[in-house]
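Structural characterization, general
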Amino acid sequence: MPNGSPVFIAFRSSTKKNVQYDDVPDYKDRLSLSENYTLSIKNARISDEKRFVCMLVTEDDVSEEPTIVKVFKQPSQPEILHQADFLETEKLQMLGECVARESYPAGNVTWYKNGKVLQPVEEVVVINLQKIVDKSTGLFTMTSSLQYMPTKEDANAKFSCIVTYYGPSGQKTIQSEPVVFDVHYPTEKVTIQVLSQSSTIKEGDNITLKCSGNGNPPPQEFLFYIPGETEGIRSSDTYVMTDVRRNATGEYKCSLTDKSMMDSTTITVHYLDLQLTPSGEVTKQIGEALPVSCTISSSRNATVFWIKDNTRMQTSPSFSSLQYQDAGNYICETTLQEVEGLKKRKTLKLIVEGKPQIKMTKKTNTNKMSKTIVCHVEGFPKPAVQWTVTGSGSIINKTEETKYVNGKFSSKIVIAPEENVTLTCIAENQLERTVTSLNVSAISIPEYDEPEDRNDDNSEKVNDQAKLIVGIVVGLLLAALVAGVVYWLYVKKSKTASKHVDKDLGNIEENKKLEENNHKSET
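Residues numbered from 1 in each chain as written. Predicted model: local features only at pLDDT ≥ 70, side-chain atom pairs only at ≥ 80, totals over all residues. Heavy atoms only, no water.

If you look the protein chain up in an unreviewed UniProt entry, it shows as CD166 antigen from Accipiter nisus.

**Observations regarding a nonpolar patch on the surface**
On the surface, F8, V53, M55, V57 and V62 cluster together to form a nonpolar patch covering roughly 470 Å² of accessible area. If one sorts the elements of the nonpolar patch by residue count, strand 5 (residues 51–57) sits on top with three residues. Residue position: V57 is located in strand 5. (Patch = residues over 30% accessible without salt bridge, like charges linked within 9 Å, V, L, I, M, F, W, Y side chains within 5 Å. Areas by Shrake-Rupley, 256 points an atom, 1.4 Å probe, with all protein chains shown as cover. Salt bridge = Lys/Arg side-chain N within 4 Å of Asp/Glu carboxyl O. Helix = DSSP H or I, 4+ residues; strand = E, 2+ residues; numbered from the N terminus.)

**Structural notes on the state of the cysteines**
If you walk through the whole model with that rule in mind, you get four disulfides. The residue that forms a disulfide with C294 is C332, at a sulfur-sulfur distance of 1.9 Å. Measuring handedness by torsion sign, the sulfur bridge of C294 and C332 sits at about -85° and is left-handed. Here the residue C294 occupies a position in strand 29 (residues 293–298), and C332 occupies one in strand 32 (residues 328–335), the gap between them amounting to 38 residues. The class of C332 is buried, set by a relative accessible area of 0%. Each bonded cysteine of the protein chain gets a number by its place in the sequence, and the pairs then read 1-2, 3-4, 5-6, 7-8. (Disulfide = S-S within 2.5 Å. Buried < 20%, exposed > 50% of the residue type's maximum accessible area, 1.4 Å probe, protein only.)

**Considerations on the packing of aromatic side chains**
For any two aromatic rings, the description comes down to two numbers: the centre-to-centre distance and the angle of the planes. Counted by the stated rule, this structure contains seven aromatic pairs. Ring geometry for F159 and F181: centres 5.7 Å apart, planes at 75°, overall edge-to-face. Of this pair, F159 sits in strand 14 (residues 158–167) while F181 sits in the loop between strand 16 (179–180) and strand 17 (183–184), and the two are 22 residues apart along the sequence. Owing to a relative accessible area of 5%, F181 belongs among the buried residues under this scheme. A ring pair is formed by Y404 and F409, whose centres lie 5.7 Å apart and whose planes are at 75°; its orientation type is edge-to-face. According to the relative accessible area criterion, Y404 is partly exposed, its value standing at 24%. With relative accessibility at 3%, the residue F409 sits in the buried group. Three or more aromatic residues link up through ring pairs in this structure, and these residues are Y148, F159 and F181. When the ring centre of F305 is taken as origin, the NZ or CZ atom of R312, which lies over that ring, is 4.1 Å away. The ring of F409 carries the charged tip of K382 above its face, separated from the ring centre by 4.9 Å. (Phe/Tyr/Trp six-rings, centres within 6.5 Å; stacked < 30°, edge-to-face > 60°. Lys NZ or Arg CZ within 6 Å of the ring centre and 35° of its normal.)

**Looking at the layout of surface pockets**
Considering only enclosed or pocket space, the largest pocket measures out at about 1,300 Å³ in volume. In terms of lining, the largest pocket is formed by 33 residues, of which the most central are I9, A10, V53, C54 and M55. Going through the elements one at a time, strand 1 (10–12), strand 4 (39–41), strand 5 and strand 6 (62–68) are the ones with two or more residues in the lining of the largest pocket. The leading source of residues in the lining of the largest pocket is strand 5, at seven residues. Residues belonging to the lining of the largest pocket are distributed by class as follows: 21 nonpolar, five polar and seven charged. (1 Å grid on protein atoms, 1.4 Å probe; cavity = no way out; pocket = protein on both sides within 12 Å on 5 of 7 lines; lining within 4 Å. Points joined across faces, edges and corners; volume = space filled by probe spheres on them. Nonpolar A, V, L, I, M, F, W, Y, C, P; charged D, E, K, R; others polar.)

**Things to note about the environment of Q386**
Summarising the element assignment, Q386 is placed in strand 35 (residues 384–389). C-alpha of Q386 to C-alpha of N397: the two residues are 11 residues apart in sequence and 7.9 Å apart in space. In contact with Q386, other than residues within four places in its own chain, are I395, T424, C425 and I426. (Contact = heavy atoms within 4.5 Å.)

**Considering the sheet that holds strand 36 (residues 395–396)**
Sheet architecture is open: four strands sit in the order 36-35-39-40, paired in antiparallel fashion. One side of each edge strand has no neighbouring strand; the edge strands of this open sheet are strand 36 and strand 40 (433–440). The pairing of strand 35 with strand 36 spans two bridges and is antiparallel. Within strand 36, the position partnered with W387 by the bridge is I396. (Pairing = 2+ DSSP bridges.)

**What to know about the pairing of strand 33 (residues 343–364)**
Side-chain direction in a regular strand flips from residue to residue, so the side chains alternate between the two faces of the sheet. Direction of pairing for strand 28 (residues 280–285) relative to strand 33: parallel, over a ladder of six bridges. Paired with Q285 across the strands is E353, a residue of strand 33. Bridging between strand 32 and strand 33 involves eight bridges; their strand directions are antiparallel. Within strand 33, the residue paired with N329 across the bridge is K349. Where strand 33 meets strand 34 (residues 371–380), nine bridges bridge the pair, whose relative direction is antiparallel. In the sheet register, Q357 faces strand 34, and the bridge partner there is E378. Hairpin connection between strand 33 and strand 34: a loop of six residues separates the two successive antiparallel strands, and K368 in this loop has a positive phi of roughly 60°.

**Things to note about the pattern of salt bridges**
Within this structure, the stated rule accounts for 22 salt bridges. Across the pair K284 and E288 runs a salt bridge whose closest N-O atoms are separated by 3.5 Å. When the shortest N-O distance is used, the salt bridge between E432 and K355 registers 3.6 Å. Here the residue E432 occupies a position in the loop between strand 39 (421–428) and strand 40, and K355 occupies one in strand 33, the gap between them amounting to 77 residues. A network of salt bridges, in which partner residues are shared, links E203, R246 and D273.

**Describing the confidence of the model for the protein chain**
Looking at the protein chain, pLDDT values average 86 and 89% of them are 70 or higher. For the stretch residues 451–464, pLDDT sits under 50, and the model shows 18 contacts to residues farther than four places along the chain or on other chains. Every residue in residues 496–523 scores below 50 in pLDDT, and together they form six contacts with partners more than four places removed in sequence or on other chains. (pLDDT = per-residue confidence, 0-100.)

**Quick look at the nonpolar core**
L95, W111, L118, L146, Y148 and F159 are the most contacted members of the largest nonpolar core, which totals 23 residues. Secondary structure elements with two or more residues in this core: strand 9 (93–103), strand 10 (108–113), strand 13 (140–148) and strand 14. In terms of residues, this core owes the most to one element, strand 14, which gives four residues. The contacts of L118, once residues within four sequence positions are left out, are W111, Y112, K113, V125, I127, L146, Y148 and F159. (Core = buried A, V, L, I, M, F, W, Y, C linked by side-chain atoms within 4.5 Å.)

This is the structure we're talking about:
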């Protein structure tokens, strides 16, 4: 009993075969004594841990044999309670309490970090263990508190505790669930970076600057320094610039709000300018000169190429004397290959106009039955062509035209004249009306192609006639000039001769007769 005195709890006689249980409150209805004298106790309690004695009484002697009953109770799985919300570096603070309940006998508690035992270190690791017994049950509750001074490296560290207890088979352990604590530490470094979907930035893009500190928790506000600005701009960890221009190129910085721990980065805003002179729609006359320039200004070397009517050109266009084939849609395009999406282009729509020019040719067909007359026409806008027979004025409607290409085409008629005729080709556009005639012999007289350099244009015929008239006039003037010079030389010579005439030739009257004769001959 608790006071040390023994008490009988059960008796069995070998002769009477009956069992007698003494009135002991702690064992009421919990005992059972079998025929082979085995005592069983139900619903074991901590208080059952006592010295039990088996006493054998015979007629001759009394003998007894004691035994000590040990009672064990496995504790519950330990839990870490009263956990700190966060840990701060360089500060000793309560991390938590490891609690294991209902253990018998009392166990021990050990703390672990990342699977390694935490040993007490003054002002760094402080462990206190308490063992409290429940008087009603006799069971122990072990509570171990841990005070800990963390470092930055303890971020993501796993803390756990293990309770060590004893059972019938010896020493055993039970481990708690690991716990990770948020470790707060100050910022030691600031970093600025450019958030962009592309590796390069061009005009019109948006730029997002992000500033971050390596502390925990990270800083929420920073000072951003923009090129051209003397004071920092207070902002959250991001600063956004929209539709940037080339003047945004430069060095960008950020720092903590106390202007400490600064970092910087350089941003280049790429640009591309294209100036085409002339551009838009330009109308020029055939034969005129047209200087064309495509000027590029860019942040790095650009690639320039020309396109005419959807076909890439090998060289840049240059027009010293415009021709109809020079007309078309020109595009000057430039790109920065290293900068995605940076491309510029400008267009020039060149129109080459010209008054109609006509050249007529004729030939007898191989069958000798007809003649082909062709009116070769140049001009833009495309001239309208009409054929007439000179004299009768009748219009020839049955004609064939070739395709109009580069300001040129031909109109053709086939005739079989019985006598000589004169055909007129009329070409007219918005600029001028041009008329040219061609004499065609009867079908019986063969004719062949005109020489390439012959041109029967009326305007050229007029020019030839004018040249002929001018030549005649110039010739007459030259002839008169020559005659005048000859006359002057002759008069001079005659006067010299009269001064030296021989005095023996006669008197004054004879001299007068001589002068009259000279005058007559000169006339």
